[in-house]
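# Residue-level structural notes
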Amino acid sequence: MATYAFVLLAVLAVASALAMVLNKNTVNSALFLVLNLMSVAGLYLLLHAQFLAIIQILVYAGAIMVLFLFVIMLLNVDEEESLFDKFRAIYLVAFLLGVVVFGQIVYSLGGVTDLLPEISADMAYVGTVEAVGEVLYTTYLMPFEMTAILLTAAVVGALMIAQYKVKTSDQEE
Amino acid sequence: MDYLYDLNTFIPATIAAAAGLVVLMQSVYKVKINTIFGVTVFSLVVALLFALRDLFGPVGTSFYDMVAYGGTAAFGTLLVITGTLFCVLISRDYLEAIDHHYGEVYAMILFATTGMVGLAVSNDLIMLFVGLETMSICLYVLAGLIKEEKTGAESALKYFLLGAFSTGFLLYGIALIYGATGSTNYADITALTDISPLFMAGSALLLVGFFFKISAVPFHMWTPDVYQGTPTTLTAYFATASKAATFVALILVMSRMMPEIEGVGWTQAISVIAIITMILGNLIALVQDNVKRMLAYSSIAHAGYLLVGLAAGTADGYTGVLYYLFAYTVMNIGAFGVIAFYERNQALDFTDVNNYAGLGYKQPVMAVLLSVFLFSLAGIPPFVGFLAKYYVFAAAVNAGHITLAVVGVLTTAASVYYYLRVMVFMYFREPHKEFDLVNPGAIFKYALIVLCVLTVYYGVEPVFPMGSLIELLTSYYTETGPAGMAGP
Amino acid sequence: MIADFGNILLFLIHGALFVALSLFVAKLIRPHRPNAEKLMTYECGEVPIGSARVQFNNRFYIIGLMFLIFEVEILLLFPWVMVFQDIGWFAFWAMFVFVFLIFIGFAYELGKGHLQWDIPRPVVPKYVEGVGVVDDYPAKEPASSEPALDEPALQTGVNR
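Bear in mind the structure is a predicted one, so any value in this text is a computation, not a measurement.

## Thoughts on the interface of chain A and chain C
Taken together, the contact between chain A and chain C spans 45 residues of the former and 43 residues of the latter. Elements supplying a minimum of two residues to the side of chain A that touches chain C: α3 (50-75), α6 (129-136) and α7 (141-162) of chain A. For the side of chain A that touches chain C, the class distribution of residues is 31 nonpolar, nine polar and five charged.

## Comments concerning unusual backbone geometry
Most of the time, phi is negative for any residue but glycine, and the peptide bond is trans. Residue and element names in this part refer to chain B. Although it is not a glycine, Y64 adopts a positive phi angle of roughly 55°. Mapped onto the elements of the fold, Y64 is located in the loop between β1 (60-62) and β2 (67-69). When the 17 C-beta atoms within 10 Å are taken as the criterion, Y64 is described as partly exposed. The phi torsion at D65 lies on the positive side, around 65°, for a residue other than glycine.

## Details of the environment of A180 of chain B
Residue and element names in this part refer to chain B. By the element assignment, A180 lies in helix α7 (residues 150-181). Considered as a pair, A180 and I380 are 200 residues apart in the sequence and their alpha carbons are 46 Å apart. Those residues in contact with A180 that lie beyond four places of it in its chain are S196, L198, F199 and G202.

## Examining the interface of chain C and chain B
Counting from both sides, the interface comprises five residues of chain C and, opposite them, five residues of chain B. Looking at the side of chain C that touches chain B residue by residue, the class counts come to three nonpolar, one polar and one charged.

## Considerations on the nonpolar core
The biggest cluster of nonpolar side chains holds 231 residues, and the ones touching the most others in it are M108 and Y324 of chain B. Broken down by element, the residue count for this core peaks at 19 residues, all from helix α14 (residues 315-343) of chain B. Split by domain, this core shows at least three residues from each of two domains, domain 1 (1-76) and domain 2 (135-162) of chain A. In contact with M108 of chain B, other than residues within four places in its own chain, are A153, V156 and G157 of chain A together with C138, V141 and L142 of chain B.

## Brief notes about the domain arrangement of chain A
How big an interface is tends to be expressed through the accessible area that disappears when the partners come together. When cut into domains, chain A gives domain 1 (1-76) and domain 2 (135-162). One C-alpha centre belongs to domain 1 of chain A, the other to domain 2 of chain A; they are set 25 Å apart.

## Some thoughts on helix α2 (residues 26-46) of chain A
Taking 1.5 Å of rise per residue, 21 residues should cover 30 Å, and α2 of chain A covers 30 Å from first to last C-alpha, within 8% of that figure. For α2 of chain A, every residue scored as buried is listed here: T26, F32, L33, N36, L37, V40, A41, G42 and L45 of chain A. Check the buried side of α2 of chain A and you find it contacts α1 (2-22) and α3 of chain A together with α1 (4-29) of chain C. Once α2 of chain A finishes, H48 of chain A follows within two positions and takes phi at roughly 65°, a positive value.

## Points about the confidence of the model for chain B
Residue and element names in this part refer to chain B. In this model, chain B carries a mean pLDDT of 88, and residues with pLDDT of at least 70 account for 95%. Across residues 480-488, confidence stays below pLDDT 50; counting only partners more than four residues off in sequence or on other chains, it has 23 contacts. In the predicted assembly, ipTM is 0.88 and pTM is 0.88.

## Some remarks on the packing of α7 of chain A against helix α6 (residues 125-143) of chain B
Contact pair α7 of chain A / α6 of chain B: the axes reach a minimum separation of 9 Å and the direction vectors enclose 15°. Between α7 of chain A and α6 of chain B, the angle is such that the two are roughly parallel. Between α7 of chain A and α6 of chain B the crossing geometry is left-handed. Facing α7 of chain A, whose interface residues are M142, P143, M146, T147, I149, L150, A153, A154, G157, M160 and I161 of chain A, α6 of chain B presents I126, M127, V130, G131, E133, T134, I137, C138, Y140 and V141 of chain B. Here the residues of the contact of α7 of chain A with α6 of chain B sort into 16 nonpolar, four polar and one charged.

Cut-offs used in this document
Residues numbered from 1 in each chain as written. Chains lettered and ligands numbered in written order. Predicted model: local features only at pLDDT ≥ 70, side-chain atom pairs only at ≥ 80, totals over all residues. Contact = placed C-beta atoms within 7 Å. Helix = DSSP H or I, 4+ residues; strand = E, 2+ residues; numbered from the N terminus. Nonpolar A, V, L, I, M, F, W, Y, C, P; charged D, E, K, R; others polar. Buried ≥ 20, exposed ≤ 12 C-beta atoms within 10 Å, placed from the backbone. Core = buried A, V, L, I, M, F, W, Y, C linked by C-beta atoms within 7 Å. Domains from an automatic or database assignment. Expected span 1.5 Å × (residues − 1). pLDDT = per-residue confidence, 0-100. Axes fitted to C-alpha atoms, helices over the stretch in contact; angles between N-to-C directions. Parallel < 35°, antiparallel > 145°, perpendicular 65-115°, else oblique. Left-handed = near helix turned anticlockwise from the far one by under 90°.

Printed below as a string of structure tokens:
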């Protein structure tokens, strides 16, 4: 059963990724990306990483996609801009390099032959929300608090970049 | 575990973060910008004092092995805080002159400092990543501070896109290392005995991420454009504090996580990168007319010299790199600072070296300072840059990497041309037209003079009998076990 | 435990099937007589004007960005809720610091007025003696600091 689910999700993930890259309409690309992220979330679930799967859907397929669509609408890119209008030698080089990197990754993953590893009860527990919480607020306390600084800096930074002269309350009529 | 004790070991970054929040709130409530500047400087001075205290303190790890303290990590903290402090000191007048003096800039600098310290003291790949990201996000924003101009927008966009891409490499590397070893902790990873291809692939990707951040050659494309488009004093910040933090993190990773294991040839890889970085960085710097771009390529070249020490892979090498980082921080902030001073004269265009003609006799103090910093960058004897290069190359020779040292010395000789060229223009060319320079503010001037004193003092330090900096650094690698890196 | 997600899978399959089936059945039984009026994009009875791809106001982006950051914060609260009893007060303080730090970011945003939305005033054409019909909109805000980019978006909102 799990194997069927894996094959289905894997095919869906690869197909939607390809569709996303090859699609000319940016909005359609973004929607294919949602499908891709969803199927990856499914793959996480098969690995018993529940928290990660939910985060993947909420943050990536939810919030980040909203942002992507906003950016597309903000930039107002008109469609029909093909990526490959004419062939250049550099594409071939890039493709070959990509194949080499892919080959290296396949080689380095060489020992792994099973589609899905056997997941013991211990391993399954690691992916639950409780398990994440147990280490997040103790062992990983320092990176966790640093993340708060990171997010604050991101808020301020985004506003600094995006703002034009914003009216503040005391300037109002 | 005792959280207060742990917090005590991480206090410089905590101070920086808290000050960042205070400054942020002050900028909302329209506190005078000079007060904000004062708060920033004050907090950095306090953090500097704590960092100095930690320099001689105990060595260990805290927060469940997330961060290291003492030794290399303490020195990294000190470097970052020192770099930040001087960059802030020279920033005020410059940012005022280019009309981009906002409170948020200081907040971003302080947050970036927090991230840098987190990066420099990280003892776990998760901490490393979070620190690096905190630093990078702030730097992306600072790179785009002059967003009205094309160069500013280009610099921010280029830095952000390439930076995010390289972070992807780094993260993928971390993921593969975790997959191979089942841990993100340096000590646990070192304990692993069999080296799988997965681990090798992970470490390679991790190093690629690092090489990008330190702008080693195949990954250096962003550096000149980013350095050019960023406000000059913040460029100094990019070139020194962030590079110092990344290099210290790299030293910790190399020494604690990836010590020499049979059949693992990172030394060769780093050697090759060091050689092409030194050659290419110096060669391209030779033909630059824009002073900031020249310094950008020079900073690439310096990354090459630093990699020489890292390639040596010995305690001597790491000590040399740390010393070099100190020297580089001091002299590079100085050089950028003086250039920032010239750029404050908005009516005159001081991006082109040709316009430096005759500058030597206007504001002679500034010209002398620039000469000292450039001499030091070129590695000419009575200054700290020479000693730093000496330690690094000597370590390489002792470790048997003669080629590296030879290439290093030759490229250093070539680099003298472009550093001295600026001085030739300043002292031996007639100015094109009459002009007057603005008066450097007192803080600006004295900050640069302090840097100059440091440059000179540490250049002649070995002749003094008292314990020198290099001895302190060496002690980190000899007192606490083999190569001092095992640490508790 | 993970099997509970099977229900979600079933739900997804049901949803997909339901849509596909009902569309298919509708296609079987409906008459097929298109005309121009029917093929027009449905926009609540209005006659559609122009393309649906209009340029958004910059501010939507800022709101989206804020949403993203605070959603990440909320997600990190989930595990906290689950383990709060085990870890106790320490977890409380850990989360307190975290939320406080994010709150500072929020206070910054609020204080700087990024969440304020300028309510556009309608452009009322006015007849001025000897000049003709003029809009009074620019007159009331002579020193408008808004860049040109913002104006069309505001005006479109008014015209509708």
